[in-house]
Amino acid sequence: MTTLPPPGKVKLGLVIDLDTCVGCHACVVACKGWNTENYGAPLSDQDAYGADPSGTFLNRVHSYEVQPEAAPAQIIHFPRSCLHCDNAPCVTVCPTGASYKRAEDGIVLVNESACIGCGLCAWACPYGAREMDAAAKVMKKCTLCVDRIYNDNLPEEDRTPACVRTCPAGARHFGDLGDPDSAINQLVTERGGFDLMPEMGTQPVNKYLPPRLKDKAPEFDVLAPYLTPVTEARGFLGWLDRTLSALPGARD
Amino acid sequence: MTHHQPTLDLSPPVSDEIRQTTCYMCACRCGINVHLKAGKVAYIEGNRNHPINKGVLCAKGSAGIMQINAPSRLRAPMRRTGPRGSGQFEQISWDEALQTAVDWLKPVRDTAPEKLAFFTGRDQSQSFTSLWAQSYGTPNYAAHGGFCSVNMAAAGIYTMGGAFWEFGQPDWDLTKLFILFGVAEDHDSNPIKMGLGKLKGRGTKVIAVNPIRTGYNAVADDWYGITPGTDGLLILSLIHLLMQAGKIDLDYLRRFTNASCLVNEDPKSPQNGLLLRDEDGKPQVIDRATGKLAPWDGKGVDPDLSATWRHAGVTHRPVLHHMADRYLSDTYAPEAVADVTGIPAARIRQLAAEIARAFDDPVTLEREWTDFRGLTHKTMTGRPISFHAMRGISAHSNGFQTARALHTLQILLGAVETPGGMRFKPPYPKPATAHPKPNSKVTPGAPLGGPHLGYPHGPDDLCLREDGSPARIDKAFSWENPMSAHGLMHMVISNAHAGDPYRIDTLFLYMANMSWNSSMNTTGTMQMLTDADAEGNYVIPHIIYSDAYSSEMVAYADLILPDTTYLERHDCISLLDRPICEADAAADAIRWPVIQPDRNVRAFQSVLCDLGHRLNLPGFVNDDGTARYKDYADYITNHIRRPGIGPLAGWRMGENGLQDGRGTANQGQIDSYIANGGFWQAHVPGDAAYFKPWSNAYQAWAVKMGFYDSPQPYIFQLWCEPLRRFQLAAEGEGNRQPPDHLRARIAAAMDPLPIWYAPLSDARTDPDDFPTHALTQRPMAMYHSWGSQNAWLRQIHGQNPLYVPTDLWERHGFSEGDWATVTSPHGQITVPVAHMAALNPNTVWTWNAIGKRRGAWALDDNAPEATKGFLLNHLIHELLPPKGDGLRWANSDPITGQAAWFDLRVRIAKSDPREACLPDHPALGHPSHTDNSTAAHKP
């Protein structure tokens with residue numbers, strides 16, 4: 001079984017804002033496109049135009065419906081990908097050392113040339129974040145676009161994961177969660193970012209920002225002052241005349 | 001194993017080359033970077049500099065790479081060999097294909113050009129295709145707006161000279177409250193998501209009004225699950241409450257709207273109910289400085305909002321008094337509308353109070369500007385309330401008046417073209433009066449007098465023949481729907497089949513899937529396309545179709561002109577057409593062949609240039625008889641629409657070199673666009689950024705850019721006179737009179753102030769028998785039919801259940817995996833169901849454009865799109881249920897002709913599970929599309 005590196009200072013990861021994610025799947029497809037062309041084997045598709053199409057994706061978006069007891073039902077869009085856990089069970093379970101966590105930035109990767117396709121890591125991952133590629137027979141997972149974020153061939157502003165670069169709503173943030181002063185760590189603090197399934201002891205690096213409270217009762221009186229009817233001797237027209245006469249430019 | 005890290009190449013080469021063009025995976029026209037490796041497309045991402053998407057890209061856009069290797073791509077021109085609908089074709093040469101088209105089209109043009117019906121679907125070259133149709137001389141041209149969102153567009157233009165999406169946008173940076181009415185998950189795509197992201201980033205409140213709480217509505221902070229078709233009533237109730245509380249911007253209303261204009265109230269006047277006019281025809285206000293009548297636009301005039309004018313025993317009151325009369329009435333009290341809208345009165349008050357609160361928190365920019373009356377304003381102040389709305393309110397038979405009601409609300413708040421409100425995108429604002437009027441007079445062998453589509457201002461502008469019958473095959477601009485600014489594409493096949501108002505010879509369609517998801521009554525439409533007369537000839541004798549893919553419509557055409565994909569051709573996204581501008585910039589863009597087609601296909605627009613030459617159409621041939629344009633790129637560069645104005649506004653040639661907006665043709669123009677990333681933009685000056693309709697600075701800039709040739713300041717039309725002119729005719733005034741059977745409907749529907757009436761089909765459908773509303777929405781990751789052939793996107797949306805709200809679900813005893821029959825007054829379908837709680841309790845819905853006909857789009861005959869995907873279209877008729885008068889009443893808005901898709905009512909019942917949805921049409925034969933390469937593997 002494979003050991004984890006000593007805890008590092010830099011912990012690169014994603015912060016995903018569940019209050020903002022509209023569930024558009026842009027991240028899913030940008031990821032598929034980039035990672036089909038880059039890092040390791042392409043993400044293959046089977047029966048692509050057939051009756052039962054399927055393929056490898058490193059990032060998927062699920063939509064869940066929530067029914068509060070005394071409020072209207074809500075839908076939460078939930079993007080799911082590798083959380084680059086500090087205590088990554090997918091690494092420790094790997095019999096060949098193919099699954100590993102980078103010491104310098106904490107990214108969890110699969111060394112495809114050492115992967116025997118046994119699938120143990122996928123079983124060990126409580127998040128379902130790994131997918132065996134049916135064509136290449138190797139385990140595929142989010143690389144945090146390790147081939148983008150340091151890539152000198154990309155303009156500096158593009159050295160960010162493909163999913164983050166493409167997200168139209170800006171619901172995905174990338175940065176160093178090991179640095180307490182980083183912008184995304186501050187976002188986590190401000191918005192109460194949380195770990196997914198902390199009880200599993202995986203210590204995920206990625207964080208999710210919770211949806212803001214919806215369908216709140218108004219924090220102001222609905223009837224007054226905002227909707228207080230104008231009361232004049234002549235009703236609305238009386239109010240109209242009085243208000244108009246106070247506007248600049250009146251005759252007298 | 002101890003920790004071991006392999007050495008990685010962290011800077012692999014990304015691609016050999018990036019070519020920047022414009023996306024076409026939906027209608028939003030984002031800029032894309034197409035990465036090529038060894039000449040093949042390797043990756044597509046958003047263009048960071050592009051005004052529309054600023055680098056981001058949606059799922060569809062990124063999946064474009066799978067569109068250009070899709071097996072459904074058509075390979076060569078084809079002629080039908082089997083019966084229509086069989087999908088049996090033979091490949092022919094382009095010469096043969098074009099000669100066939102000429103053999104059909106030439107005699108028609110020489111004798112009766114109206115017998116060509118040329119309609120284009122979701123294309124982005126309407127200013128070009130309409131020019132071709134004008135030159136040909138048929139009155140029967142339109143694009144798809146009539147079955148899309150013409151209510152939204154027309155109500156916006158008539159009311160305030162612009163609408164949502166391509167015409168205007170919320171002031172995302174300054175708004176303090178954003179309310180979304182009837183917006184599914186598209187239109188527009190990335191800009192709305194980017195805007196919502198901005199609002200979420202600073203915690204600005206988002207409120208959604210929609211029967212369905214998905215997508216944008218799911219992230220909204222508050223949700224009003226309204227009953228479909230009642231948005232207008234809710235809005236009028238909000239107006240009631242806000243007027244009652246004095247939360248309306250009086251200074252804005254008196255200066256910038258016709259609220260201050262006096263209405264002619266003389267019952268004996270032929271102008272009764274129109275605005276009172278002076279001898280120059282100018283609407284009159286009372287000037288506060290003099291207390292006397294003055295023209296609305298007089299220099300220094302200070303319009304009064306309340307003063308009346310008494311003359312010859314009649315008191316003429318300003319528009320605002322009429323509005324007070326109407327909207328302060330108890331008819332619109334929250335308690336009176338709660339049951340119909342499904343929104344409790346307390347919640348309506350809450351929504352109004354949210355608006356009032358933002359109204360009381362104005363935004364002021366320290367920017368001086370001068371209005372058209374010459375008054376200089378030290379600052380720019382606005383009420384930071386913004387709205388967006390689309391098909392949810394538009395696709396109803398009361399959609400025009402509902403959209404008018406929404407714009408009226410915005411205007412009463414002073415939240416249009418002001419900081420924090422809604423902002424127009426150049427070349428809008430532009431008043432309805434600055435648009436053309438529709439042309440329909442046919443002369444065999446000669447062009448039409450002008451554009452087909454436009455904005456009528458009264459009965460004189462209708463497109464009628466001498467006997468008073470509709471001049472157009474879709475009956476646009478007739479008494480049935482006088483202000484149908486985008487035509488009625490959904491009625492073309494039905495009317496042509498019925499010979500009402502006449503029969504046609506050739507139906508010529510581009511990118512319009514009329515035998516499937518773009519028609520109401522899909523099964524009936526297939527029948528109409530295949531029906532023969534007594535002699536065995538098809539009732540619609542010839543059908544020519546151009547598409548890039550083997551859509552369902554291909555099988556129903558006689559001649560196929562295969563188009564290229566969007567990465568293989570030139571296009572221009574023109575200011576003459578549907579521009580890509582932003583509130584702060586005028587912009588246009590191109591597409592160019594970033595790859596070359598590997599099939600015997602041609603860009604449709606280039607084919608039209610060729611056909612124009614072969615048919616000898618004016619404007620498409622030179623004096624020596626040679627072709628005017630060798631292809632579409634040549635047209636884009638060299639066409640001159642009016643002096644100095646061409647399809648593209650960037651890099652035109654001036655006396656001193658290149659310039660923006662106006663200028664002569666520049667042979668290097670397309671190269672300049674390519675060098676600039678595929679687009680051009682010119683920024684609106686800061687003192688012209690708001691108050692555009694009234695700002696001298698904006699008007700001068702607009703003239704300089706060539707949007708119009710002289711300043712066009714105008715005021716918003718709360719009182720919409722064109723409506724009143726049709727109403728006057730219905731009351732018997734004037735020489736051009738509607739047929740008697742339409743009088744009452746015109747008089748009722750065409751009210752000059754916004755009204756609400758129940759969807760028209762409700763009157764002919766027993767609500768007890770059909771108690772449930774049925775809607776469709778387009779998913780964010782799929783657009784129309786194109787997504788289903790896309791190997792990646794179909795893995796996200798490959799089937800569509802009917803979503804059923806909790807109460808109905810429990811009442812019918814449904815459980816997961818169940819199926820249901822869904823019955824409307826018109827038809828029945830049997831489909832899978834799924835439970836959804838975040839839904840109006842009387843509404844069921846499904847995703848549209850996922851369901852496919854077996855055999856279409858080069859998918860397996862048993863593809864889930866065909867077996868577990870379905871269309872609600874089968875339940876919707878293009879006509880209202882007959883009422884025994886022998887007349888064909890269109891299922892459309894009586895003002896604009898907008899297809900009333902969302903008026904649908906159904907009942908549902910549990911059924912036995914099935915292998916495939918009903919109706920289950922037999923598989924289409926596979927036309928000769930590209931060989932199927934089943935492994936998408938690596939593009």
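Nothing here was measured: the structure is a model prediction, and the numbers come from that model. Numbering of residues starts from 1 in every chain and runs along the sequence as written. A letter from A marks each chain and a number from 1 marks each ligand, given out in the order of writing. Under the rules for a predicted model, residues below a pLDDT of 70 receive no local features and side-chain atom pairs below 80 are neither given nor counted, while totals for whole chains, interfaces and linings still include all residues.

**Student:** Sorry, what's going on with the overall build of chain A here?
**Tutor:** A run of H or I in DSSP becomes a helix once it reaches four residues, and a run of E becomes a strand once it reaches two; helices and strands are each numbered from the N terminus. Across its full length, chain A holds seven helices and 11 strands. C-alpha atoms define the radius of gyration in this analysis, and the globule rule sets the expected value at 2.2 Å times the number of residues to the power 0.38. Compactness check: chain A gives a C-alpha radius of gyration of 26 Å against a globular reference of 18 Å for 252 residues, more than 25% above the reference. The exposure scheme places C-beta atoms from the backbone and then counts, for each residue, the other C-beta atoms within 10 Å of its own, assigning buried at 20 or more, exposed at 12 or fewer, and partly exposed in between. Taken across its 252 residues, chain A has 44% of its residues classed as buried. A pair of residues counts as a contact when their C-beta atoms, built from backbone coordinates, are within 7 Å of each other. Residue pairs in contact within chain A that sit at least 24 positions apart in sequence constitute 60% of those at least 6 positions apart.

**Student:** Looking at this structure, how should I read the confidence of the model for chain B?
**Tutor:** Any region with low pLDDT has predicted coordinates that should not be read closely. All names here are of chain B. As a per-residue quantity, pLDDT reports the predictor's confidence and falls between 0 and 100. For chain B, per-residue confidence averages 95 on the pLDDT scale, and 99% of positions sit at 70 or higher. Counting interchain partners and residues more than four positions distant, the pLDDT-below-50 stretch residues 932-937 has 18 contacts. Among the prediction metrics, the complex's ipTM stands at 0.97, with pTM recorded as 0.97.

**Student:** What is the right way to read the sheet that holds strand β29 (residues 679-683) of chain B from this model?
**Tutor:** Residue and element names in this part refer to chain B. For two strands to be treated as a pair, DSSP must find at least two bridges joining them. Pairing is antiparallel in the open sheet, where three strands are placed in the order β25-β26-β29. Sheet topology places β25 (571-573) and β29 at the edges, where each strand pairs with a single neighbour. Neighbour-to-neighbour, the strand axes of this sheet turn through a mean angle of 10°, independent of strand direction. Here β25 runs beside strand β26 (residues 585-591); their pairing, made up of three bridges, is antiparallel. Bridge pairing links Asp 571 to Arg 591 in β26. Note on definitions: angles span 0 to 180 degrees between N-to-C directions of axes, and those axes are lines fitted to C-alpha atoms, for helices only across the stretch in contact.

**Student:** Help me understand the domain arrangement of chain B in this model?
**Tutor:** When the parts of a complex come together, some accessible area is lost, and that lost area is often used as the size of the interface. Residue and element names in this part refer to chain B. Domain boundaries in chain B define domain 1 (17-66) and domain 2 (761-911). At the junction of the two partners, domain 1 supplies seven residues and domain 2 supplies 10 residues. In the scheme used here, Gly and all other residues not listed as nonpolar or charged are polar, with Ala, Val, Leu, Ile, Met, Phe, Trp, Tyr, Cys and Pro taken as nonpolar and Asp, Glu, Lys and Arg as charged. A per-class count over the side of domain 1 that touches domain 2 returns six nonpolar, no polar and one charged. Each domain span listed reflects an automatic or database assignment of domains.

**Student:** Explain helix α7 (residues 235-246) of chain A here, please?
**Tutor:** Turn by turn, an α-helix covers 3.6 residues, leaving residues three or four places apart pointing in a common direction. All names here are of chain A. To estimate how far a helix should reach, multiply one less than its number of residues by 1.5 Å. With 12 residues, α7 extends 17 Å from end C-alpha to end C-alpha; this agrees with the ideal 16 Å at 1.5 Å per step. Listed in full, the buried residues belonging to α7 are Phe 236, Trp 239 and Leu 240. Taken around the axis of α7, the buried residues stretch over an arc of 105°, which confines them to a single face. Comment: arc refers to directions from the helix axis out to C-beta atoms.

**Student:** Where do I start with the pairing of strand β33 (residues 828-835) of chain B in this structure?
**Tutor:** Where a strand is regular, its side chains alternate between the two sheet faces. Residue and element names in this part refer to chain B. In terms of strand pairing, strand β31 (residues 802-804) meets β33 through three bridges, oriented parallel. Counterpart to Tyr 803 in the pairing with β33 is Ala 834. By the bridge criterion, five bridges tie strand β32 (residues 819-823) to β33 in an arrangement that is antiparallel. Each bridged residue has a counterpart across the sheet, and for Thr 823 the counterpart in β33 is Gln 828. Where β32 folds back onto β33 in an antiparallel hairpin, the turn is made up of four residues.

**Student:** Please explain the sheet that holds strand β20 (residues 385-389) of chain B as it appears in this structure.
**Tutor:** Adjacent strands of a sheet pair through backbone hydrogen bonds, lying either parallel or antiparallel. All names here are of chain B. Spatially, β11-β10-β9-β20 is the arrangement adopted by the four strands of the open sheet, whose pairing is parallel. Each edge of the open sheet carries a strand with a single partner, namely β11 (222-224) and β20. Neighbour-to-neighbour, the strand axes of this sheet turn through a mean angle of 20°, independent of strand direction. With five bridges connecting them, strand β9 (residues 177-181) and β20 associate as parallel partners. Counterpart to Leu 177 in the pairing with β20 is Ile 385.

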